[in-house]
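# Observations on the three-dimensional arrangement
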Amino acid sequence: MEKVEINTTSKKYNVFIEKGLIDKVGRIIIDTLGKRKICIITDDNVDRLYSDRVIKSLADAGLESVKFVFPNGENHKTVPVWYDMIKFMSENSISRTDVVLALGGGIPGDMGGFAAATYLRGIKFIQVPTTLLADVDSSVGGKTAANLPAGKNLVGAFHQPEAVICDPDTLNSLPSSVFSDGCAEVIKYGVIQDREFFDFLERNDIKENIEYVIKRCVELKRDCVNLDETETGIRAILNFGHTAAHGIEKNSDFTVSHGSAVAIGMVVESRGLYKTGRCKEDYSNKISDLLIKNGLSVKCDYSADELFESAHSDKKRTGSKIKLINLKSLGKAFVEKIDIDDLLPILKAGVEN
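Residues numbered from 1 in each chain as written. Predicted model: local features only at pLDDT ≥ 70, side-chain atom pairs only at ≥ 80, totals over all residues. Heavy atoms only, no water.

### Quick notes on the packing of aromatic side chains
Counted only if it meets this: By convention, a stacked pair of Phe, Tyr or Trp rings (six-membered ring in the case of Trp) has centres within 6.5 Å and planes under 30 degrees apart, an edge-to-face pair has planes over 60 apart, and any other such pair is tilted. Helix and strand assignments follow DSSP, with helices taken as H or I runs no shorter than four residues and strands as E runs no shorter than two, numbered in order from the N terminus. Buried, partly exposed and exposed residues are distinguished by accessible area as a fraction of the type maximum, computed with a 1.4 Å probe on protein chains only: under 20%, between the cut-offs, and over 50%, respectively. In our convention, an over-ring charge means Lys NZ or Arg CZ found within 6 Å of a ring centre and within 35 degrees of that ring's normal.
Under the criterion given, the structure shown has six aromatic pairs. Ring geometry for phenylalanine 197 versus tyrosine 212: centroids 6.2 Å apart, planes at 70°, classification edge-to-face. Highlighted residues: phenylalanine 197 in helix 7 (residues 195–203) and tyrosine 212 in helix 8 (residues 210–227), separated in sequence by 15 residues. Take tyrosine 212: its relative accessible area is 40%, and that puts it in the partly exposed class. Taken together, the ring pairs in this structure connect Phe68, Phe70 and Phe88 into an aromatic cluster. Seen from the ring of tyrosine 189, lysine 188 lies directly overhead, with NZ or CZ sitting 5.1 Å from the centre. Here the basic side chain of lysine 207 rests over the ring of phenylalanine 179, its NZ or CZ set 4.5 Å away from the ring centre.

What follows is the structure in structure tokens.
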């Protein structure tokens, strides 16, 4: 079993990576936390696939569990659904010593984590991701959130899990488009932190090297999170492509998935930064080729004005400034604070191909 240790200022925990771990969740919880009551939070898609196996694993380890299931999709990552979660937890007598188990992709992970962060002023939780995007990105680092009508992740908290349990076998149940969504975040790590990893991805198939890919991405995210738990500095580089991406998601009414939007956003932002003279080289074609190789579209169907309007409610904006992630070179990103009005020409240059 692969294991990556995360060591933030607030908590130390492990990310476990091994095929078949979905059936060992109960034993890992016992070894990590001892005997607790477990509140599973998942969506209806994941519930049909994996809840029974997780519940059996918990029962085999002598752990009592209850389960809250909500509809899948970004449109259900809302404050009313969060309220239903914490109401369910109260009605089922979840106490300060009990544990939330977030089972699924990024949305159950974010919402389950947010429920754990806010119920009884914060209780423990475990991440059991079942998508590539959640394995490599959203399950690690303690970001939890719900959306507001104005934009994504505008209400939330930093709340680190007690453990992350990744079973690469769960990825076999994903539609190819959902697997490709995760590939966008995998490729992002190469672009912003590790040129050798980017080169590896160009030469090799992600699925055929899945355990190594997950571990390397978690290590790269660990390096940011350990230094900057609450994203006041270097951790912000993980948002490369996300300013445009969140605008794409919002303008599509979330019919464009997060990973697909990030793929487009990385190309739009890298191209726009180069064309406006803020980046010395144009990396957009190299990034685009690798994204397309992994089944992702890089065509933006929205105007720069539409993306710019969404940026006004982006959480990376502070007053008249917004954080944009730039590239010193492929594999080395940095955070640049720009005037929000300077974002529009970057987006215009990036959308034009």
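### Thoughts on the nonpolar core
Among soluble globular proteins, nonpolar side chains are generally buried collectively. Note the cut-off: Nonpolar core, defined: a set of buried Ala, Val, Leu, Ile, Met, Phe, Trp, Tyr and Cys residues in which side-chain atoms within 4.5 Å join the residues together. Note on contacts: a residue pair qualifies if any of its non-hydrogen atoms lie within 4.5 Å across the two residues.
If you look at the biggest cluster of nonpolar residues, it comprises 73 residues, and the most contacted ones within it are Leu132 and Leu291. Sequence-distant contacts of leucine 132, defined by excluding residues within four places in its chain, comprise Leu171, Leu174, Phe179, Gly182, Cys183, Val186, Ile206, Ile210 and Ile214. Among the nonpolar cores identified, the runner-up in size contains 23 residues, and Leu21, Ile38, Tyr50 and Leu63 belong to it.

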